[in-house]
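Examining the three-dimensional arrangement
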Amino acid sequence: MYTHEDLARLQAQSLKMQSWIRRQTFSPENTKTLRRFSSWEVSELIFKVNQSTFRGRLAADPNLPSGEVEEDGRQRWFSLAEINELRRRMKINRKTLLPPRPANKRAIRVAIANFKGGAGKSTVALHFAHAAALDGYRVLAVDFDPQATLSHSMGLSDVVEDHTVWGIMARDLIHETDRMNASAAGAESGTALPQRQIPAAIRDLGLDALRMGDFIQPTAWPTIDIIPSCANAAFVEFASAQYRHLNPEWSFFAAVSRFLDQIPDDSYDMILFDCPPAIGYQSMNAVFAADMLYIPSGPGYWEYDSTTSFIGQLAEALEDLAHGADSFAHGQVTLPKVFQDIRFLMTRYEPGNELHRAMFDAFRKVFGDRVAESPIEMTRAVEQSGRFLSSVYEIDYREMTRGTWRRARATFDAAYAEFRGHMLAAWENLEDRS
Ligand SMILES: Nc1ncnc2c1ncn2[C@@H]1O[C@H](COP(=O)(O)OP(=O)(O)OP(=O)(O)O)[C@@H](O)[C@H]1O
Ligand SMILES: [Mg+2]
């Protein structure tokens with residue numbers, strides 16, 4: 001017979017293994033570092049210009065960053081900071097290398113969501129974040145999942161739960177309850193609204209003293225920051241239920257949205273959410289804060305089933321929120337929730353697999369052009385990198401078969417290019433802030 005104590009013991013063993021794997025993964029200094037990119041990658045894959053044109057331009061201007069020569073010879077290797085400097089200072093055929101950003105808009109927010117486990121959410125979120133950063137965008141990633149796959153992939157392994165989405169939600173409960181109490185006290189007598197009490201146990205956590213910067217952490221990529229998660233944040237779902245009980249008028253689902261609203265518009269271009277495989281307080285916060293939903297799905301029949309029930313459950317949950325609308329309680333929140341765009345993206349797709357092709361056709365029959373034209377193909381590069389917690393962009397192409405690396409990179413590049421088009425269109429539609 002087994003109890004919670006046996007489970008706890010098994011977990012302790014597993015944690016030891018986990019920390020060993022992480023030490024191996026991030027060795028030697030136990031921190032993740034970003035590699036340099038070769039002049040071939042910078043010109044052809046990143047700037048999309050001819051390699052000899054690029055080299056010629058570098059040679060002509062000795063003030064431009066010139067990268068480092070590695071032992072193996074001809075190629076120069078550039079850091080991301082150098083690549084970004086080149087973007088700002090170089091024009092090719094009179095065209096800027098800076099990526100487009102619509103004027104007077106805040107950063108665009110995209111949730112990679114599906115309640116189905118293993119759909120490829122974290123893989124897509126990681127690769128889109130890296131592709132966007134190589135494209136010149138400044139990215140904030142938000143890990144809503146206590147499995148913390150994205151946080152680990154981005155090199156964060158010692159995260160305290162106060163600094164996660166949970167901390168943001170608990171802090172929001174305190175702020176919102178204070179705001180409601182203050183306006184209830186100021187209301188005409190006779191329409192007296194109840195004063196809500198937050199127990200000392202919650203106030204004493206000191207979350208009020210935390211600043212924006214306590215939640216937002218740098219990563220090995222100079223233009224990617226993250227609000228990380230950690231395993232301890234798993235109790236959020238229980239805690240949030242309790243918090244709603246303390247203040248039933250609290251618009252719990254808008255906590256993260258309110259937090260992101262405080263970030264200056266020009267701090268980031270893109271905010272990407274990795275969601276947990278469940279409907280709950282955290283995933284509702286992610287969905288509610290998003291301008292755009294990107295829904296990855298595997299190519300199997302059961303995954304199609306799950307994706308169908310995901311959109312059904314999401315529709316119901318969002319409808320419930322809309323019915324509970326109460327302008328006093330929600331403050332600035334507008335209901336029903338409006339998305340600028342919703343798209344489906346097939347992942348782990350094998351073009352040679354008849355079933356996959358049939359499922360892709362079925363997806364397109366049902367969802368039409370909401371289905372991304374370029375599915376993400378199954379690739380060994382990701383299977384291998386999964387273990388090492390790296391994206392194909394982070395893997396040095398000299399470390400694997402060049403063909404495998406190129407195919408993997410091509411499939412993520414194509415998916416990102418399509419995403420970028422939809423993202424830019426959605427971005428244009430956001431409210432003008434001038
Ligand atoms: N294109 C791909 N090629 C090969 N393997 C892939 C690909 N995409 C995802 N995988 C693998 O499938 C597994 C699940 O992917 P991932 O963790 O991204 O899914 P998820 O939706 O985030 O899962 P969860 O619901 O648990 O958060 C991982 O082992 C990952 O390495
Ligand atoms: Mg995941």
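Scroll up a little and you will see the structure.
Residues numbered from 1 in each chain as written. Chains lettered and ligands numbered in written order. Predicted model: local features only at pLDDT ≥ 70, side-chain atom pairs only at ≥ 80, totals over all residues. Heavy atoms only, no water.

**A closer look at the side chain of Asp135**
On the secondary structure map, Asp135 appears in the loop between helix 5 (121-134) and strand 7 (139-143). Residue Asp135 is classed as buried on the basis of its relative accessible area, which comes to 12%. Within polar-contact distance, the side chain of Asp135 engages the side chain of Arg420 at 2.7 Å. For Asp135, the residues in contact, after removing those within four places along its chain, are Arg87, Pro99, Tyr416 and Arg420. (Helix = DSSP H or I, 4+ residues; strand = E, 2+ residues; numbered from the N terminus. Buried < 20%, exposed > 50% of the residue type's maximum accessible area, 1.4 Å probe, protein only. Polar contact = N/O pair within 3.5 Å; in protein donor to acceptor, adjacent residues only side chain to side chain. Contact = heavy atoms within 4.5 Å.)

**Points about the sheet that holds strand 2 (residues 68-69)**
The three strands are arranged 1-3-2 in an open sheet whose pairing can be described as antiparallel. Single-partner strands in this sheet number two, and they are strand 1 (37-38) and strand 2. Pairing between strand 2 and strand 3 (residues 76-78): two bridges, direction antiparallel. Across the sheet, the residue bridging to Val69 is Arg76, located in strand 3. (Pairing = 2+ DSSP bridges.)

**Considering the packing of helix 2 (residues 39-47) against helix 17 (residues 402-428)**
Two elements in contact, helix 2 and helix 17, have axes whose closest approach is 13 Å; the angle formed by their N-to-C orientations is 30 degrees. The angle between helix 2 and helix 17 places the two elements in the roughly parallel class. Considering only the axes of helix 2 and helix 17, their crossing is right-handed. Two secondary-structure elements touch here, helix 2 through Trp40, Glu41, Leu45 and Ile46 and helix 17 through Arg402, Trp405, Arg406 and Arg409. (Axes fitted to C-alpha atoms, helices over the stretch in contact; angles between N-to-C directions. Parallel < 35°, antiparallel > 145°, perpendicular 65-115°, else oblique. Left-handed = near helix turned anticlockwise from the far one by under 90°.)

**Notes on the environment of Thr223**
Relative to the helices and strands, Thr223 is located in the loop between strand 8 (217-218) and strand 9 (224-227). Relative accessible area serves as the criterion here: at 17%, Thr223 is assigned to the buried category. Sequence-wise, Thr223 and Tyr268 are 45 residues apart; in three dimensions their C-alpha atoms are separated by 8.7 Å. The contact partners of Thr223, leaving out residues within four places of it in the chain, are Leu80, Asn84, Ala133, Tyr137, Arg138 and Val139.

**A look at the pairing of strand 10 (residues 270-274)**
Of all five residues in strand 10, five are buried, a share of seventy percent or more. Side-chain alternation along strand 10 places Met270, Leu272 and Asp274 on one buried face and Ile271 and Phe273 on a second face that is also buried. Pairing geometry for strand 6 (residues 108-112) and strand 10, over five bridges, is parallel. Across the sheet, the residue bridging to Ala111 is Phe273, located in strand 10. Alignment of strand 7 against strand 10, held across five bridges, turns out to be parallel. If you follow Ala141 over to strand 10, its bridge partner there is Leu272.

**What to know about the pattern of salt bridges**
Counted by the stated rule, this structure contains 22 salt bridges. One salt bridge in this structure joins Arg106 and Asp291, with 3.0 Å as the shortest N-O distance. With Arg106 in the loop between strand 5 (95-96) and strand 6 and Asp291 in the loop between helix 12 (281-289) and strand 11 (292-297), the pair connects residues that are 185 residues apart, well separated along the chain. Judged on exposure class, the residue Arg106 and its partner Asp291 are both buried. Close ionic contact of Arg109 with Asp261 constitutes a salt bridge, the shortest N to O distance being 2.9 Å. Linking Arg109 in strand 6 with Asp261 in helix 11 (residues 255-261), this pair joins segments that are 152 residues apart in sequence. According to the relative accessible area criterion, Arg109 is buried, its value standing at 2%. (Salt bridge = Lys/Arg side-chain N within 4 Å of Asp/Glu carboxyl O.)

**Considerations on the site of ligand 1**
The full set close to ligand 1 counts 18 residues, and Ala119, Lys121, Ser122, Thr123 and Glu377 are the nearest of them. Ala119 has a polar backbone atom sitting 2.9 Å from an oxygen atom of ligand 1. Residue Glu377 places a main-chain N or O atom 2.9 Å away from a nitrogen atom belonging to ligand 1. Summarising the interface, the protein chains cover 80% of the accessible area of ligand 1, which totals 630 Å² for the free molecule. Breaking the shell around ligand 1 down by element, the ones donating at least two residues are helix 5 and helix 16 (380-388). (Near = heavy atom within 4 Å. Areas by Shrake-Rupley, 256 points an atom, 1.4 Å probe, with all protein chains shown as cover.)

**Notes on the pairing of strand 9**
Neither face of strand 9 is exposed, since Ile224 and Ile226 on one face and Asp225 and Ile227 on the opposite face are all buried. Alignment of strand 7 against strand 9, held across four bridges, turns out to be parallel. By the bridge assignment, Val139 is partnered in strand 9 with Ile224. Looking at chain direction, strand 8 and strand 9 are connected through two bridges and run antiparallel. Its bridge partner being in strand 9, Gln217 is matched across the sheet by Ile226. A loop of five residues connects strand 8 with strand 9, the two strands running antiparallel in sequence.

Keep in mind that these numbers describe shape and distance, not what the molecule does.
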